[in-house]
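Overview (structure and organization)
Single-letter residue listing:
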Amino acid sequence: LDAGSKAAPQPEIELTANARRVLEKRYLRKDAAGRVIETPAEMFRRVAGTLAAAERQYDARADVAAKEAEFYGVMSRLEFLPNSPTLLNAGKKNGQLAACFALPVEDSVEGIFDAMKYTALIHKSGGGTGYSLSRLRPAGDMVDGVSGIAGGPVSFLSALSAASDVIRQGGVRRGCSIGLLSVHHPDILKFIVAKDDPLALTNFCISVAVTDDFMDALESGSDYDLINPRTGKLTGRLNAVEVFKKIVAQSWKTGDPGLVFIDRVNRGNPTPNLGPVETVTGCAEQALLPYESCNLGSVNLAKMVKQAGEKMVVDYDKLAAAVKTGVNLLDNVIDVNCYPLLQVEEVTKQTRKIGLGVMGFADMLVLLGVPYDSFEAVKIAEYVMGFVTEKARDASEELAEKRGVFPAFKGSVHDAPGGRRQRHASCTTVAPTGTISLIAGCNVGIEPFYATVFVRNVLDGENLLEINPYFESAARREGFYSGELLQKLVSCIDLTQIDGVPERIKRVYVTSNRIKPEWHVRIQAAFQRHTDGAVSKMTNVPNLTTPQQQADIFLFGYREGVKGITLYRDSSRELESLCADEKA
Ligand code: UDP
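In this text, all values refer to a predicted model and were calculated from it rather than measured experimentally.

Definitions and limits used
- Residues numbered from 1 in each chain as written.
- Predicted model: local features only at pLDDT ≥ 70, side-chain atom pairs only at ≥ 80, totals over all residues.
- Heavy atoms only, no water.
- Buried < 20%, exposed > 50% of the residue type's maximum accessible area, 1.4 Å probe, protein only.
- Helix = DSSP H or I, 4+ residues; strand = E, 2+ residues; numbered from the N terminus.
- Arc of directions from axis to C-beta.
- Contact = heavy atoms within 4.5 Å.
- Salt bridge = Lys/Arg side-chain N within 4 Å of Asp/Glu carboxyl O.
- Pairing = 2+ DSSP bridges.
- Axes fitted to C-alpha atoms, helices over the stretch in contact; angles between N-to-C directions.
- Parallel < 35°, antiparallel > 145°, perpendicular 65-115°, else oblique.
- Left-handed = near helix turned anticlockwise from the far one by under 90°.
- Nonpolar A, V, L, I, M, F, W, Y, C, P; charged D, E, K, R; others polar.

Examining helix H12 (residues 342–351)
Buried residues of H12: Val344, Val347, Thr348 and Thr351, and no others. Viewed along the axis of H12, the buried residues span an arc of 100°, placing them on a single side of the element. Turned more than 90 degrees away from the buried face of H12, the exposed residues are Leu342 and Glu346. The inward-facing, buried residues of H12 contact strand S2 (100–104) and strand S13 (293–300). Positioned one or two residues after H12, Arg352 has a phi angle of 50°, which is positive.

Observations concerning the pattern of salt bridges
Evaluated as defined, the whole model comprises 35 salt bridges. One salt bridge in this structure joins Glu292 and Lys353, with 3.0 Å as the shortest N-O distance. Taken together, the residues span a long stretch of sequence, with Glu292 in the loop between strand S12 (287–288) and S13 and Lys353 in the loop between H12 and strand S16 (354–359) at a distance of 61 residues. Each member of the pair, Glu292 together with Lys353, is buried. Here Lys537 and Glu447 are joined by a salt bridge, their closest N and O atoms 2.6 Å apart. Placement of the pair is Lys537 in the loop between helix H19 (517–528) and strand S19 (539–540) and Glu447 in the loop between helix H15 (436–440) and strand S17 (453–457), with a sequence separation of 90 residues. Each member of the pair, Lys537 as well as Glu447, carries the same accessibility label: buried.

Observations concerning the pairing of strand S6 (residues 177–182)
The buried fraction of S6 is high, at 6 of 6 residues. Residues Ser177, Gly179 and Leu181 of S6 are buried on one face, and the alternating residues Ile178, Leu180 and Ser182, pointing to the opposite face, are buried as well. Alignment of strand S3 (residues 128–132) against S6, held across 4 bridges, turns out to be parallel. When the sheet's bridge partners are listed, Gly130 is paired in S6 with Ile178. When S6 meets strand S7 (residues 204–210), the two strands line up parallel, connected through 6 bridges. Residue pairing across strands places Ser177 opposite Phe204, the latter belonging to S7.

A look at the packing of H19 against helix H20 (residues 547–560)
Direction vectors running N to C along H19 and H20 enclose 25°, while the axes themselves pass 10 Å from each other. One way to sum up the angle between H19 and H20 is to call them roughly parallel. In this structure, H19 meets H20 at a crossing whose hand is right-handed. Along the contact surface, H19 presents Pro517, Glu518, Val521, Arg522 and Ala525, while H20 presents Ile553, Phe556, Gly557 and Glu560.

Things to note about the packing of helix H3 (residues 64–76) against helix H11 (residues 316–336)
Two elements in contact, H3 and H11, have axes separated by 10 Å at closest approach and are oriented at 115°. Regarding H3 and H11, the two cross each other, and that crossing is left-handed. Taking contact as the criterion, the partners of Lys67, Glu70, Phe71, Val74 and Met75 in H3 are, on H11, Ala322, Thr325, Asn328, Leu329 and Asn332. Grouping the constituent residues of the contact of H3 with H11 by class yields 5 nonpolar, 3 polar and 2 charged.

This is the structure:
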């Protein structure tokens, strides 16, 4: 039992065995000898207490104890969790609490090495970084009036990757990085193949920033311009179809690069008055200005379903309450955060972006009895995320009444007739939730279930056999659970091929290897339509997909309106399915 507050006994926190292990290994405080000296309840109390104290910055008579209880409540009931750095560092000296950062890489030796230093500081503090490399002059360009000297963006990629590789975030994990290069950059062909060597650029993803002009040229089969960012001058033209083919071939082979539709991202930029967005963050879920950071938090949708008579339905009252508390909590993070760089603090406090999102979407669907690969799931995604964003904006507006609108409000898209007087330039983002979903005990982000039975690589090579808990209880409840059933699933017989399992169950427990890529894209697009920032989504494509089919999926994503898309033609990197080789 977790001890909880000293004053009053707290209900037990329903953590899975995996969640406890992750917390013990990474999140709970330890003494000098490495012994855990904090319970999970004490961790949530540390976070709640630190964040609730920020209330006093706005109201000297604020009821901090009540706010602490509210924050503690949503976290300890696993209804809402802030991103890992907040759980890890809140209440500690120099605690850095945000997950996402964006760094421009300026076109000078100082600029490039500043970016490396800033990377080290950000990653040490627990953040991941998105880089815009498009400002760097191309390889072979002039330096100090001498031509043929510049290394070009690709040569600096490995330096940035090495900088993030040597730093472990808070001693526990490595920072994720993503590098973006404009499709109009003269070095684009070199960039596309920068990750051809599987050992190159570990923990570093790359994406091509594609413009509307490029997509138009692709459609008409024409050439498009390459521009030297140093001079602004045209250096050549490439055929859009040929470049796209190269992107697809490389993505088919290695998973990188992905695509970011940068003009679309900028149409959603809430503060064009502060300049354009040049990059997205580590796992591509948030579009940020140079030096901007963002803290994230996710509502656990598995906890937002209730029984109504015979049926399970979405509990919208509970969802609204969790979103409201979440927005308040994330707003307070901005004020108590210790920023790794002055520039980051300045830009972040101008826009006050927060990234409230969701996790456990697959859990919600099975509880509602809806298959992931269905238009009903798309409808639920739209409705639920639409509701979350609406409630988040309401909460942001309510906070703004007491605390003021974000400082860069004037001239922002919100500063218009009918616009909302918000506390945050943008409120919602769908994060990957790689670790916090493990703590909450729900499925990751908005992904489908990976397998019914799988080996989870928990930490540092430890493996654990897991059975989907909803499947297990449905099987027991409906009387088809047996050792034989488990044996069949463990030996990779697909659920759809097993006699005695009701058809409805086979349909609802569809796993990612059975889901056509189009459905991944439709679900991502449904969430994107109702999300201020971007949506982190892994689109798994079957191993036997051809490059042409892969090209079609990229284009389908573009037409559906996603802001970015990355395809993985193999099994997930995090989980190892027992049945990985039976892909459709
Ligand atoms: N991130 C990172 N290293 C990691 C995982 C995540 O730097 O090992 C950063 C990355 O920038 C990502 C952000 O944290 O965009 C949020 O990732 P996620 O939602 O998976 O984090 P969690 O809060 O679940 O740990």
